[in-house]
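# Descriptive structure summary
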Amino acid sequence: MSSSTTRNRKDGPSTSEADATTSSASLGRPNDNNVAGTVPATVTEPNAPSPDPTPAKSSKIKPPPPEQQSHVLRRSLIIASFWLVVLCLGVPIWWRTTTIYRANLPLDQMTSWADGKSCNPVLPIRVAIASPDLTEQEVQDLISTTQSNLDGIPDLPSLQLRLEAAAQTSLEDTPESHGDNSIPLVLRLTQGDGTMSEPMSSLHTLFPILEITYPPSLKPTPETKSSGLATYITAQLRNTFAEEQAILSYLLGSSAISSDRQQSSQHTIDESLSKRITRSMKYSGTYHLTFSLFTSGSSPSSWDIDSAINEYMQPVLDMLRPIHNFTIDTQVQLYAIPGVQSQVLTKEELSSFINAAEWPLSPSIGGAPTINFVIYMGNQTIGLNTAEETSQSWLVPQWGSVYLLSPPAAAHVPSELLKQPVLTFASHLLSLLGTPQSGSLPMRLSTLTRVRSVDMVLRASSSLGSLARLSLALPSISIPSSVAEGVAKSIHHLELACSALGSTDSLEHARIAETEAERAFFEKSMVGQLYFPDEHKVAVYLPLLGPVGVPLVMGLITEIKNWKARRQQKA
Amino acid sequence: MGFHDTAGLYGAAAALRLALFTFFPALPDLLTSRVEVSTPVTSFKRLQEGLFLYSHNVSPYDGGVYHQAPLLLPLFSLLPNASMYPFFTYLVYIVVDIATADALYQIAESGEAAASKLFTSARKDRRWSGYVVAAIFLFNPFTIATCLGRPTNVFTTCAILHAVAKAISGHPLTSMLALSFASYLSMYPVLLLPPLLLLAYDRQNATNRVDSLVQFSLTAVLAVVACLSTLFTISYLLTGSWEFFASTYGIQLTLTDLTPNVGLWWYFFIEMFDSFRSFFLGVFWLHLSSYVGGLSIRVRSQPLAAITILLGIFSIFKPYPSIADISLSLAVVPLFRHVFPLMRYTFFAASTILYSAFLGPAFYYLWIYAGSGNANFFYAITLVWSLGQSLLVSDLTFAILRDEWEVERPEMAGKEIRQI
């Protein structure tokens, strides 16, 4: 206020001067000179406090003349022009741009998958019985008795063993006859000679065949209903699949599927199994294997890793081919200093042996997770609890494996020297992939396929369930159509996987379902909105729209008030 | 009012620019790379990129660098290569500056600012001649820096001022043509259409007058639409696709290029939540355009004043402002010399603008090169810059309205006023 009066005082002379010069040009109003004379007089009071002049003036100054009709109209038009922009353009834009797009998600289906209602995680396993010594009728009897025995035991709730007579071809030990995975296990019953009293069983190492030799006394006859042999077979099957059942129980128990459906939840999961599962890698369709040779000095500087891998590792990789793909790279690093320098490594020191800061073990090349296999050439050994016993390798959970090798004389490491390390790596690879430990290799791999597909189905279901809960819990989160597509695709593949649970196809479907469900859940535009409460909207809108809105609204209100007053005056 | 009056002035301005180009050969390139001079939609460097692609028969919009109107390309490809023979480019920009100054000279000489058809200011004799106004424009450091930095919005400036000059001299169709060119180049000048229409309507020649405002506006709008469609069609034929819409006007509408500039938009939209981005783009554009209607109605009697105030508002609130915009808005302010005594904050506004003009480059340096500051430094100074400009604009608006009011109530001249 005071500043404007002083400013005005400065202006006073100049404006009056301007007026004086133009007064002749303007329409010759009567009190023009009067104005020019009075203005300096009213403002020359030097230090008048600002509130003072107002009452003094108000008595002197006559009230302002009534507003002209055209001015009133003009003001209404101006206010209308601003409000026209707000209402005709602003509101539609606000509506268009801030409506939250929520694609329709099949919430019921998603929750039913997460609750395990859509898929019964029971693996049908066909077991064929081949018995060249028995007649067809005897085999049928044996099968029906054993089947009823199997159905009676409660130990295998997640597995549904179905016995059947083997086709003739599966008796030959050719790879072709076992090429299809539809029959994971063949029982081959042979009659032993008279010397044996107890039946014996052994797993074939190359094919999924359980050889059972039984003494002639147990040979099933129509009278005995073959109960002795049937009991024995039942027990053998139970042992064979015990580990698979244990793993499945563990998975089901740790997943979100409600536990009341499974009797197995009370099934005590032993600690070693849980340890083994936690140290295996997260499932992926492709793994990247890195073979690294670290030496403490300048030699050896080359190694025959290519032929060693081809010779000792490739067979295992080939067997794993239906489940995983592998890419391989190798490297040699000289003058590598391990994280622990002591001669004999204790168990505690093993965890810090890898010099993660300096060794170039890149976490992942491409999209696939990396499994590291490290051979360290040095004089160090591993001291176990018992003083005299030493070992050379250890497995790092979810990371890879390390092998300590004493340096050869030459600068080149021949393939023969690498045999033991690579074989160790092959077995560690199987552990890292979560392969069960008991049984022959084909059995372990087929079990791995089934376990992994159940695992993937469970993961995908739980992701879908989380997404369903999320979309219910946050009504203001936008759901782009890509999420809905991902969910639909995931459910479709889950259904396919579930319909053929346990097969290689089902693993593939389950993997796709899991990827899609994860992608839908971690959709970028949704993650950003996870924490966006409604109060934030005030913070977004108010700083800009508040200052803009106040004059708009106040203008509208005064205009409406004036209009009302005028109407009352007229009336 | 003849060319011999101003030939000396124009010659001096051209000589000054040529001297700067010649004796400081590094200066044009330095200014071209300054964010205060070159914005993504006007930069001369980006024009070179577009030109290179165009001359190699690749769509100039490939690569997302060039965001300017397609018709600039054949114009500049007629010139010799700007990096080898920069003299011709300099010449074009100097000529454009002088053409702009000439338009300004005509506007000032017409006296429209102080005495329009519907309103005559009591102070109308107190004004600067066209010579002075043109000189203020030509020797304004912002104008000179713009000329040296060679952004393409000097063409827009030239077209806008010629549109105003033609409207005043009673050539409505030529005026609309010039406005269409300005809109075609920079899009935002289309918002000047309503006040320019009123100006042209008021100053029609007596010989072929159209008395109905509606009929006049319809004809003029039709002329603008026809002219713009022709320009768009030529652009389409030139580039072979309609993608120039998205790459030129789309960029201004959606602000996808967030290169810092002296405006208020870039920082705001860097910080904006993604889900509200499109809404606030709408808000900002509506804010920019909402003044047009209100101002045209309020200062209906002085359309040139409405245009002046709008140019000031645009240079504050448009998406990619640069000092070329303030040089335009400062160019038309001296036309209102007669209301200067009524302005209250001239010192404050001028010192704020000077303060930020000097501190802006310093803070940009601290942020980008020295690394001892951050984006907030530069943004704070652009806020001060905008504050200075908005003070100037609001003060000018106040002075114009006060001037109008004093004609209505001469007994109140020079007295303190209070809003009631």
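Residues numbered from 1 in each chain as written. Chains lettered and ligands numbered in written order. Predicted model: local features only at pLDDT ≥ 70, side-chain atom pairs only at ≥ 80, totals over all residues. Heavy atoms only, no water.

## As for the UniProt feature "transmembrane region" (unreviewed entry) in chain B
Residues and elements named next belong to chain B. Where we set the bar: UniProt positions are given in the numbering used here, feature names are shortened, and annotations may be inferred rather than shown by experiment. The helix count covers DSSP runs of H or I at least four residues long, the strand count covers runs of E at least two residues long, and both are numbered beginning at the N terminus.
When the UniProt feature table is mapped onto this chain, "transmembrane region" (unreviewed entry) is found at residues 7–27, 128–145, 181–201, 213–238, 264–287, 299–317, 347–370 and 376–401. With 100% helix and 0% strand, residues 347–370 has its two end C-alpha atoms placed 33 Å apart. When the span residues 376–401 is considered, its composition is 100% helix and 0% strand, and the gap between its end C-alpha atoms is 36 Å.

## So, the sheet that holds strand β3 (residues 185–191) of chain A
Residues and elements named next belong to chain A. The condition that has to hold: Strands are treated as partners if at least two bridges between them are detected by DSSP. What counts as an axis is a line fitted to C-alpha atoms, over the stretch in contact for a helix, and the angles between N-to-C directions run from 0 to 180 degrees. Note on contacts: a residue pair is in contact if any heavy atoms of the two residues lie within 4.5 Å.
Ordered by their spatial adjacency, 5 strands build an open sheet running β2-β1-β3-β5-β4, and the pairing between neighbours is mixed. For this open sheet the edge positions go to β2 (159–165) and β4 (200–203), each flanked by a neighbour on one side alone. Direction aside, the axes of adjacent strands within the sheet are offset by 25 degrees on average. Here β4 runs beside strand β5 (residues 209–214); their pairing, made up of 4 bridges, is antiparallel. Counterpart to Met-200 in the pairing with β5 is Thr-213. Helix α6 (residues 136–152) contacts β1 (123–130), β2 and β3 of the sheet and is inclined by roughly 170 degrees relative to β2.

## A few points about the UniProt feature "transmembrane region" (unreviewed entry) in chain A
Residue and element names in this part refer to chain A. Per the UniProt entry, the sites bearing "transmembrane region" (unreviewed entry) are residues 77–95 and 538–557 in this numbering. The span residues 77–95 is 100% helix and 0% strand, and its two end C-alpha atoms sit 26 Å from each other. Helix makes up 100% of residues 538–557 and strand 0%. Its end C-alpha atoms lie 23 Å apart.

## Regarding the sheet that holds strand β13 (residues 393–396) of chain A
All names here are of chain A. As summarised here, the arrangement of the 5 strands in space is β8-β6-β10-β14-β13, forming an open sheet in which the pairing is mixed. A strand with exactly one partner marks an edge of an open sheet, and here the two such strands are β8 (325–333) and β13. Shown here is a sheet whose adjacent strand axes are inclined to one another by a mean of 15 degrees, direction ignored. Here 4 bridges tie β13 to strand β14 (residues 400–405), and the two strands are oriented antiparallel to one another. Each bridged residue has a counterpart across the sheet, and for Val-396 the counterpart in β14 is Gly-400. Contacting β6 (286–295), β8 and β10 (370–377), helix α9 (residues 305–320) runs over the sheet at an angle of about 155 degrees to β8.

## Overview of the pattern of salt bridges
Residues and elements named next belong to chain B. As a reminder, the rule being used: In what follows, salt bridge is the name for a side-chain nitrogen of Lys or Arg lying within 4 Å of a carboxyl oxygen of Asp or Glu. Each residue gets one of three labels from its accessible area relative to the maximum for its type: buried under 20%, exposed over 50%, partly exposed in between, using a 1.4 Å probe on protein chains only.
Per the counting criterion, the structure on display carries 22 salt bridges over all chains. We note a salt bridge from Asp-97 to Arg-17, for which the minimum N-O separation is 2.9 Å. You can see Asp-97 sitting in helix α5 (residues 86–110) and its partner Arg-17 sitting in helix α1 (residues 3–23), a full 80 residues away along the chain. Residues Asp-97 and Arg-17 agree in their burial class; the two are buried.

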